[in-house]
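Chain and residue survey
Chain residues, written in single-letter form:
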Amino acid sequence: MSDSEKEEEKYNPSYKEGDVQQELADNLSWEGFQEEEEGLERRWIEEEEQIEGGEEEREDQKKGEEEKEMGEEEMRSEEEIGEEMGGEEEMTEEEMGGEEEMTEEEMGGEEEMTEEEMGGEESGVRGEEESWEEEGRHEEEKGEEKGVEKEGSKEEGVGEEEEKKERQGKKEQKEQSGEQEEEEEEVIDIKDIEKELGKLQEEMSKRHEKPLSVVADVMSSESSASGFSPRELSDSSQSSPHSASPQVSELFRDGRIKRESEVSELFRDGTVKREFEESQRRSLRQAEDADQKPEDISAQEQRDAEPKQEDVFKMAKFGRPSILLAEEARRKSRLESESSEESLVSISTEDALFQKEEGSKVYPLSMTWSYGWNNSLPVFYLRENQRVLLYVCGNTAVIYSWVRNCQYHLQGHPNIISCLCVSEDRRWIATADKGPDCLIMIWDSFTGIPVHTLFDSCPEGNGIRSIAITRDAKLLATISDAEIQKVCIWKWTLAVETPACTLELPKEYGFQTYLIFNPENNNEMVSNSKTQAIYYYWLEEKGILAHSAPILTEKTFNKLVGKFSQSIFHSNLPQILSATKEGKLVVWDIHHPPASSSTLALPFIKPCKLVHLQKEGITVLTSVDSYIVIGDVKGNIKFYDFNLSVVNWYSNLKLGPIRILSFSKTPAGPPTEKSILPTDCTLKGDPFIVRNIIIGTLDATVYHLTADGTKLEKLFVEPKDAIYALSCHPYQPLIAIGSVCGMIKVWDYKKKVYLFSRVFEKGLGVQSLAYNPEGVLLGAGFTEGTVYILDAMSLENESPEPFKYSRTSVTHVSFSHDSNYMATADISFTVAVYIVVVKNGQRIWEYLARLRSHQCNIRSLLFGVHLDSNDPRLLSLGKDRFLIEYNLTKSYRDHLEVLDIHRTDQGSYPTCMIWYPPLTKELFLLICNSGYKVKLFNSTTKMCRKTLLGPAYGSPIEYAQVLPAKSTLELQKRYLVFINKDKVGLQILPIDGNPHKTCAIICHPNGVAGMALSYDGTYAFTAGGRDSSVVQWQINLSALDAAVSLGGEDLTPFYGLVSGGREGKFYRELEDYFYYSQIRSQGIDTMDTRQVSEHISLSELPFVMRAIGFYPSEEKIDDMLNEIKFSEYVTTGNLIDKINLPDFLKVYLNHRPPFGTSMMNIQESFDVLGFTNSEGKKAIRREDFLNLLLTKGEHMTEEEMYDCFATLFGLNPEGWKSEPAATSHREQELCLEEELPDEITAEIFATEILGLSFNDGSGQFAQ
């Protein structure tokens, strides 16, 4: 067996079955089978006449044997009839070889066959299948070419004798039993028919003298489309280890493969079973009825298609053979379930992806479009008929049809995609990402289905830097993105989770960024960094990945070589070509050891030539057909033959630096009369014929070049730098996107059509955008502090000159409700205001004033309306925890008046601020903070009215907007759309801490930079910042409402937020503390009758909170008391002075830290306040520690401090202070100098002073 045959057999379990399938298709057909059946009936009549005369004598001689045989034959007939009519499960077991009966019959057949070969007994009672096998084997071993019905042969004599005995036994059985029913006669006569059909199949199989095997699985769609038969595909794969496309049966090793291998095991010894022959005939009939080729029917479908019992009985009444009735029933069952059983991957065509019907949305947020692309990664030309492209946008690979203007998104990566590749036939796509929990995913481009995922491909968590796939798509190779890079080869078609081999590269080789396989040899690869090219040779048998990396310096050729860009294998010679940024080409010779070498010698490379092709640096090096193609930094594309002689070039296209050249899959056809082809540079001047090209440039532009006529089309232009700014039009389906590269693009997001754009001069990067309420103006803030007011429909300047009153990036732009004011904020903590004035009958924008009002970054800038007038109000919120409102009416030129200042948080810092929708009579400001809390502040008094647990998805809310209502019916049920560090989510209003009322999905793993909502509330848009993308999300509110209903009602969702739920230890303790608080408030030592109720006094709330492990500050206690006290004041005018247990549980869950208190939190405080001691730990001296308690944070008197320490050290009997009924004086004076150490570290403070203990395996403190 040749090496290619071994390789094919190893990768493809159906390798030996391909030829057999073709033999079956060539030699068996349903029409021929019907003709043979008619001839068989004539032979049955002749045989009966010939043997009729000698039947009586033979009956007398062996009457005793027949009586014994009759009982056994009756049992076997009943068993086989039951098997044929016993339903789908029994039929499957019979076809698969049987678990009990088939095994016994097969073993019995083998034993009797051995006796036959050794000259044993020729007579004796055998089962029907054993006699057929004996005849077939005996004739095949002797090489007889006689028919099974020839008179005078020994085999026929034995067969006739057995046939006579069977018929006679059946006659006597019928006479004795008296059964005359027509149906029973037909069923019994079936055995004769089945026996003769079995003989016919043996005769036909012997006639062709070729073994039968399991039908191969579904071939790849490429082979079917090209018209190749399985035999041709098999032959081609045997002649070369690199087939054009891997078979689907090899790529997807699911349960089907396992079952086929089991069937193959049963037939490995050459035994031909009747059940298998029946399945072969059934597959042929099914192929005719369904108008399919035999090779398109899988063995799995044959085994799964079983007849229904009622169909068998129904058709048996017409006198047809039961085996044929069963076949028709199986065919009907198979056709009914064919659509659900077949894999979409195996039956889909290349046009199926964009023909999918859009199903119902089952997720609250679904990606519908992606703007922008990662121009550091290539664009691939998948299909030419619809100009289907493949590119990367953030953590999503996008399949884009330019003709249809449709996108299909390959979603699944948790991190930004760092590399991708496609197979030679454009069927298989491999993508990999870079970051924690990185993945390698292989996709089917016909269906968009991820066919395989490699988890833990990089245990170090650094991800993948480069990936390559072989021409036949059977192997993947990756290079990790780590300081010490690893090269791995994956046999992904075998569904393995570990690489076939791994190689660690030394640091001296540099950071390898490019990797490619040898198209002619799967065992060879080449990669390069800027300074080093590496050749790899994979010894698959030994599991070794050898490499050769000769050092190349300027002394090697006595010339400057330059930094490497890309490398390829020479198609005709054992050479490697490496392009450099100096316009040169390094030629490496591959030296293979002689075949006669006895020692293990490995191939290696050696630099042999330096070719100076051009002055411009080469950025792309590839090959197609008979050309070597390069692209350079000047936008030129040149074609060379394999002798490096120039053939043709494109130098007048005026392109940017070439990033990728991707050629169409279809080879260029011969020229026609209408062809307009350029001539090449040879003396003959032949027409230059090349495939169509997709060109991607570093300025994020993608072109399509048609070689015939040299037609260059610009497919799309996207921002090449980070995108931070976006804004939606207030009443039209328009979105404006601004990039740091200075480009503003406006799209129609419903039609997915680019409308117009403007590119500003160099140095002006767009940082923020905002439409005014009328949609007439567009305010733009730039990275260097300039502010533009533009016409929304033309992007032309609305003011004569831009405003330049800031020196730093403008992060916020906002308009008042009447469009008379515009405010901006920059990263210098400054707020600037601009106003509209009327001069000479024209409205002109002028600068009003600016003020550095904050000490940290400004998080929100918000306009509002005064309640008692229609005048605008302006508020700003900073990371310094201050909420500032400005008095616009009293402000004048260069003076911005401040109305009031309020602090919003004590420990956490605010992240964003919006106006809360009018769901209640009270008007609120909604402020989110870094502690995962959402706070509602009265818009007038700025008092905190409610604190609620916000969405907790790994990071706090960074920005939020209220979703616009589509109709007046939705005004009472509103929704909040928010973004955090890397996700976008939805929250049902009003917020109450219910975790089921919110959802989120990863949108930009490297960080979300901004968000905008469509005017009708249908779409949300997120900007990815550095990933240069904007994603459009369709909002499906019904899916979120359904999730809320599944979470339960009333307190059910809240019980899940405490340890153990309602029946757990924590909740039971809470109940005990709650009722103990009633006893405590009535006096512990009182003898009066206790008054037990469902409420406790608000004054007891802080003590119960501390008792269950939550230690709020005095400010937080005031917030909790105010929240309860004024909860009904607006509606009823009453103040609340008590609280029940359900409301107490909600207050506790909404105010406590969402993730508890950890040692990390305490250590962070000591890192800020402490010094580094002799042990290298952060510590605070005792005197400084006591001084900080008295002077920093909330005010604490010396008496309160001593009382706290007395309680912590166990000197006070209970609680924060002494119990009301207990004595209030300390029995002994507390000496802090003796109790506290000289230096206090975070560990000492947490464990020895506070007395906290850690939970096992976590940094959280036990409650």
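Residues numbered from 1 in each chain as written. Predicted model: local features only at pLDDT ≥ 70, side-chain atom pairs only at ≥ 80, totals over all residues. Heavy atoms only, no water.

Our focus in this paragraph is helix 32 (residues 1242-1249). Residues of helix 32 that are buried: A1242, I1244, F1245, A1246 and I1249. Taken together, the buried residues of helix 32 touch helix 28 (1159-1169), strand 59 (1178-1181), helix 29 (1182-1191), helix 30 (1198-1208) and strand 60 (1239-1241). Positioned one or two residues after helix 32, G1251 has a phi angle of 75 degrees, which is positive. (Buried < 20%, exposed > 50% of the residue type's maximum accessible area, 1.4 Å probe, protein only. Helix = DSSP H or I, 4+ residues; strand = E, 2+ residues; numbered from the N terminus. Contact = heavy atoms within 4.5 Å.)

Strand order in the open sheet formed by four strands is 18-19-20-21, with antiparallel pairing between adjacent strands. Lying at the two open borders of the sheet, with one neighbouring strand each, are strand 18 (564-569) and strand 21 (604-612). Averaged over all neighbouring strand pairs, the angle between strand axes comes to 25 degrees, with direction disregarded. (Pairing = 2+ DSSP bridges. Axes fitted to C-alpha atoms, helices over the stretch in contact; angles between N-to-C directions.)

It is worth spelling out the confidence of the model for the protein chain at this point. For the protein chain, the average pLDDT comes to 77, and 70% of its residues sit at 70 or higher. Residue range residues 4-34 is modelled with pLDDT below 50. Its contacts to residues more than four positions away, or to other chains, number 81 contacts. This stretch, residues 286-326, has a pLDDT under 50; its non-local contacts, to residues over four places away or in other chains, come to 108 contacts. (pLDDT = per-residue confidence, 0-100.)

As a further point, take the packing of helix 23 (residues 1065-1081) against helix 27 (residues 1141-1151). The angle between the axes and the distance between the axes are what describe a pair of packed helices. At a minimum axis distance of 11 Å, the contact between helix 23 and helix 27 shows a crossing angle of 120 degrees. Judged by the angle between their axes, helix 23 and helix 27 are oblique. As helix 23 packs across helix 27, the resulting crossing turns out to be right-handed. Every residue of helix 27 that contacts helix 23 at F1066, Y1067, L1070, E1071 and F1074 is listed here: L1141, F1144, L1145 and Y1148. Residues of the contact of helix 23 with helix 27, tallied by class, amount to eight nonpolar, no polar and one charged. (Parallel < 35°, antiparallel > 145°, perpendicular 65-115°, else oblique. Left-handed = near helix turned anticlockwise from the far one by under 90°. Nonpolar A, V, L, I, M, F, W, Y, C, P; charged D, E, K, R; others polar.)

This part takes up the environment of T911. By the element assignment, T911 lies in strand 45 (residues 910-915). Overall, the relative accessible area of 1% leaves T911 in the buried class. Between the alpha carbons of T911 and N929 there is a distance of 5.1 Å; along the sequence they are 18 residues apart. If we skip the residues at most four places from it in the chain, T911 touches R859, C928, N929, S930, I957 and E958. Of note is the side chain of T911, whose polar atom sits 2.6 Å from the backbone oxygen of I957. (Polar contact = N/O pair within 3.5 Å; in protein donor to acceptor, adjacent residues only side chain to side chain.)

Further remarks concern the sheet that holds strand 36 (residues 787-791). Strand order in the open sheet formed by three strands is 34-35-36, with antiparallel pairing between adjacent strands. Every interior strand has two partners, whereas the edge strands, strand 34 (766-771) and strand 36, have only one. Neighbour-to-neighbour, the strand axes of the sheet open up by a mean angle of 25 degrees, direction not taken into account. As defined by bridge partners, strand 35 (residues 777-782) adjoins strand 36 across five bridges and the pair is classed as antiparallel. Bridge assignment links A780 to a residue of strand 36, and that residue is Y788.

What follows concerns the packing of aromatic side chains. Summed over all chains, the structure comprises 37 aromatic pairs. Centroid distance Y391 to Y400: 6.5 Å. Interplanar angle 70 degrees. Geometry classified as edge-to-face. This pair shows no difference in class: Y391 is buried, exactly as Y400 is. Note on Y749 and Y1019: the rings are 5.9 Å apart at their centroids and 70 degrees apart in plane angle, and the pair reads as edge-to-face. You can see Y749 sitting in the loop between strand 32 (743-748) and strand 33 (753-759) and its partner Y1019 sitting in strand 54 (residues 1019-1023), a full 270 residues away along the chain. Every member of this aromatic cluster is reached through a ring pair, and the members are W369, W373, Y391, Y400 and F716. Stacked on the ring of F1103, the Lys or Arg R1080 has its end atom at 4.3 Å from the ring centre. For the cation-ring pair, R1181 lies above F1171, with the distance from its terminal atom to the ring centre recorded as 4.0 Å. (Phe/Tyr/Trp six-rings, centres within 6.5 Å; stacked < 30°, edge-to-face > 60°. Lys NZ or Arg CZ within 6 Å of the ring centre and 35° of its normal.)

Now for a nonpolar patch on the surface. A cluster of nonpolar side chains, namely I544, L600 and L602, defines an oily patch on the protein surface of about 250 Å² accessible area. By the element assignment, L602 lies in the loop between strand 20 (584-591) and strand 21. With relative accessibility at 33%, the residue L602 sits in the partly exposed group. (Patch = residues over 30% accessible without salt bridge, like charges linked within 9 Å, V, L, I, M, F, W, Y side chains within 5 Å. Areas by Shrake-Rupley, 256 points an atom, 1.4 Å probe, with all protein chains shown as cover. Salt bridge = Lys/Arg side-chain N within 4 Å of Asp/Glu carboxyl O.)

Across the six residues of strand 30 (residues 723-728), five count as buried, placing the element largely inside the fold. Bridging between strand 30 and strand 31 (residues 734-739) involves five bridges; their strand directions are antiparallel. Looking at the pairing, I723 lines up with S739 of strand 31. Here strand 30 folds back onto strand 31, and the loop between the two strands holds five residues.

All right, on to the pairing of strand 53 (residues 1010-1013) then. Side-chain alternation along strand 53 places G1010 and A1012 on one buried face and M1011 and L1013 on a second face that is also buried. Note: strand 53 against strand 54, four bridges, orientation antiparallel. Among the inter-strand pairings, A1012 is bridged to a residue of strand 54, identified as F1021. Where strand 53 folds back on strand 54, the antiparallel hairpin that results is connected by five residues, among which G1017 adopts a positive phi of roughly 75 degrees.

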